[in-house]
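Spelled out from the first residue to the last, the chains are:
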Amino acid sequence: GGGLVFWHPKGATVRNQIEEHWRNIHIANGYDLVYTPHIAKIDLWKTSGHFDFYGESMFKGMEVDEDEYQLRPMNCPFHVELYKNSPHSYREFPLRWAELGTVYRYEKSGALHGLFRVRGFTQDDAHIFCLPSQVTDEIQNVLNLVEDVLSAYEFTEYEINLSTRPEKYVGSDDVWELSENALKEALGRKGWDYTEDVGGGAFYGPKIDIKIKDAIGRKWQCSTIQVDFNLPERFDMEYVDENNERPRPIMIHRAIFGSIERFFGVLLESYAGLFPLWLAPVQARIVCVTDGVNEYAAECLELFKSYGLRVDMAGGESLGKLVRNAEVQKIPLVFVIGNSEVEAKTLSVRSRHQGDLGSMKPEDVIKEMKQAVVERSRY
């Protein structure tokens, strides 16, 4: 159906690298990973307010065992349900829960646009539950994480927008002021310039939007950090504080990519299909000059694969055509094997970025490739 994405093997390989990097860096930054269902009873969406305020963007419900269920358009209520599964003390905070959660939103067919506007997509969602005194530090931690993640993809220029309290809003003036000041202070600590959209915030809390600038200067809406006073109230969320009272926690929504599908589209545009080594679906191709070198080439192929490197092998055509095919497919490295390479147990290495690197031992190439992958550098 329209707006539903099918991931072919090479695209799925790139996606897997993106997701693995995302998981690892979140775990390293104190997040716990969670998984939640793709559907829920309609009552959940009525409690959250999505049924009333977001109904036009939700798919029709389905009846299961005489109950009405709904595909999720957002992950937030599920994380709230996780929170409410057990009582919480102020000593536990902050709680940081992250999920690569697939959501489904109805978009009119005329609004669909490649990977940038679809009906089913995976958000890199996370929710932070914290104390009022922790908001500034948590926002700054998110900003640091945004920078760490996006810089891995060579995005280093940002346009920041801060949206503040609108005329109609939920939550007390005090908590709005605290949250807006926390967002401003965190941005100040980062030294990031921003534009303030006075009154442009959602009714349930202020937010920061971050646009990234790609390799040719285009801007893309990407990361969002949103304070939410609405869901804690709607779901009667609470914790036991140091005075044995039961206040609401501060809830922070945040996404770095926005969605995996859209971010993948941005990467394709920015890299023009020439992914750096760590992301490339095929990192290197072994090119056989003649069939007589196939045995040695196969040995080299297995050696590279044993180190977790994504390498394939080609032959049976002229050297020029084989090399050209690799270039058209934008494979970062080409290893040419002829009779002299078989005799010397070497590879003739050609880099998309560095040109002809000459003859190298397979073990040396593996070492340099592994280093380039770890450093996420071009090789």
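Everything numeric in this text was worked out from a predicted model, so none of it was measured.

Rules of the game
- Residues numbered from 1 in each chain as written.
- Predicted model: local features only at pLDDT ≥ 70, side-chain atom pairs only at ≥ 80, totals over all residues.
- Heavy atoms only, no water.
- Pairing = 2+ DSSP bridges.
- Helix = DSSP H or I, 4+ residues; strand = E, 2+ residues; numbered from the N terminus.
- Axes fitted to C-alpha atoms, helices over the stretch in contact; angles between N-to-C directions.
- Parallel < 35°, antiparallel > 145°, perpendicular 65-115°, else oblique.
- Contact = heavy atoms within 4.5 Å.
- Nonpolar A, V, L, I, M, F, W, Y, C, P; charged D, E, K, R; others polar.
- Patch = residues over 30% accessible without salt bridge, like charges linked within 9 Å, V, L, I, M, F, W, Y side chains within 5 Å.
- Areas by Shrake-Rupley, 256 points an atom, 1.4 Å probe, with all protein chains shown as cover.
- Salt bridge = Lys/Arg side-chain N within 4 Å of Asp/Glu carboxyl O.
- Lys, Arg positive; Asp, Glu negative; His and termini not counted.
- Charge placed at Lys NZ, Arg CZ, Asp CG, Glu CD.
- Buried < 20%, exposed > 50% of the residue type's maximum accessible area, 1.4 Å probe, protein only.
- Polar contact = N/O pair within 3.5 Å; in protein donor to acceptor, adjacent residues only side chain to side chain.
- Disulfide = S-S within 2.5 Å.

**Q** So, the sheet that holds strand β2 (residues 39-41): which residues are in play, and what are the values?
**A** The strand order across the open sheet built from three strands is β2-β4-β3, with neighbouring strands paired in antiparallel fashion. The open sheet has two edge strands, β2 and β3 (62-64), and neither has a second partner. Pairwise comparison of adjacent strand axes, ignoring direction, gives a mean angle of 40 degrees for this sheet. Taken together, the three bridges between β2 and strand β4 (residues 67-71) define a ladder with antiparallel strand orientation. Looking at the pairing, K41 lines up with Y69 of β4.

**Q** Let's hear about the packing of helix α1 (residues 9-28) against helix α8 (residues 260-271): which residues, and what values?
**A** Helix packing for two helices is described by the angle between their axes and how far apart those axes are. It is at 11 Å that the axes of α1 and α8 come closest, and there the two elements cross at 110 degrees. One finds that α1 runs roughly perpendicular with respect to α8. Mapping the contact onto sequence places G11, V14, R15, I18 and E19 in α1 and I260, E261, F264 and L267 in α8. Split into classes, the residues belonging to the contact of α1 with α8 amount to five nonpolar, one polar and three charged.

**Q** Run through a negative patch on the surface, naming residues and quoting values.
**A** A surface patch of negative charge is lined by E63, D65, E66 and E68. Mapped onto the fold, E66 is located in the loop between β3 and β4. Judged by its relative accessible area of 73%, E66 falls in the exposed class.

**Q** Please set out the side chain of H127 residue by residue, giving values where relevant.
**A** Along the chain, the position of H127 falls in strand β6 (residues 120-130). Separated by 2.9 Å, the side chains of H127 and H253 make a polar contact. Leaving out residues up to four positions away in the same chain, H127 has contacts with N75, C76, H79, L95, R96, W97, M251, I252 and H253.

**Q** Summarise unusual backbone geometry; cite the residues concerned and give the values.
**A** Cis geometry is adopted by the peptide bond preceding P94, which originates at F93 and carries an omega value of 5 degrees. The phi angle at E66 is positive, at roughly 70 degrees, despite the residue not being glycine.

**Q** For the environment of Y83, give the residues involved together with the corresponding values.
**A** Relative to the helices and strands, Y83 resides in helix α4 (residues 76-84). Exposure remark for Y83: the relative accessible area of 1% places this residue in the buried category. Between the C-alpha atom of Y83 and that of W97, which follows or precedes it by 14 residues, the distance is 9.7 Å. Discounting residues that sit within four places of it in the chain, Y83 has contacts with H88, F93, L95, W97, F129, M237, E238, Y239 and P249.

**Q** Before we move on, could you go through the state of the cysteines and cite the residues and values that matter?
**A** Taken as a whole and assessed by the stated rule, the structure comprises zero disulfides. Looking at C288, it has no disulfide partner, and the nearest cysteine sulfur is the one in C300, 9.2 Å off. Classification of C288 by relative accessible area gives buried; the value is 2%.

**Q** Can you break down a nonpolar patch on the surface residue by residue, with the values?
**A** Taken together, the side chains of I39, M62 and V64 present a nonpolar region at the surface, about 180 Å² in accessible area. A relative accessible area of 31% places V64 in the partly exposed class.

**Q** A description of the side chain of H50 should follow, citing residues and the corresponding values.
**A** Relative to the elements of secondary structure, H50 occurs in helix α3 (residues 50-53). Judged by its relative accessible area of 9%, H50 is buried. Beyond its immediate sequence surroundings of up to four residues, H50 is in contact with W45, G55, M58, M74 and P77.

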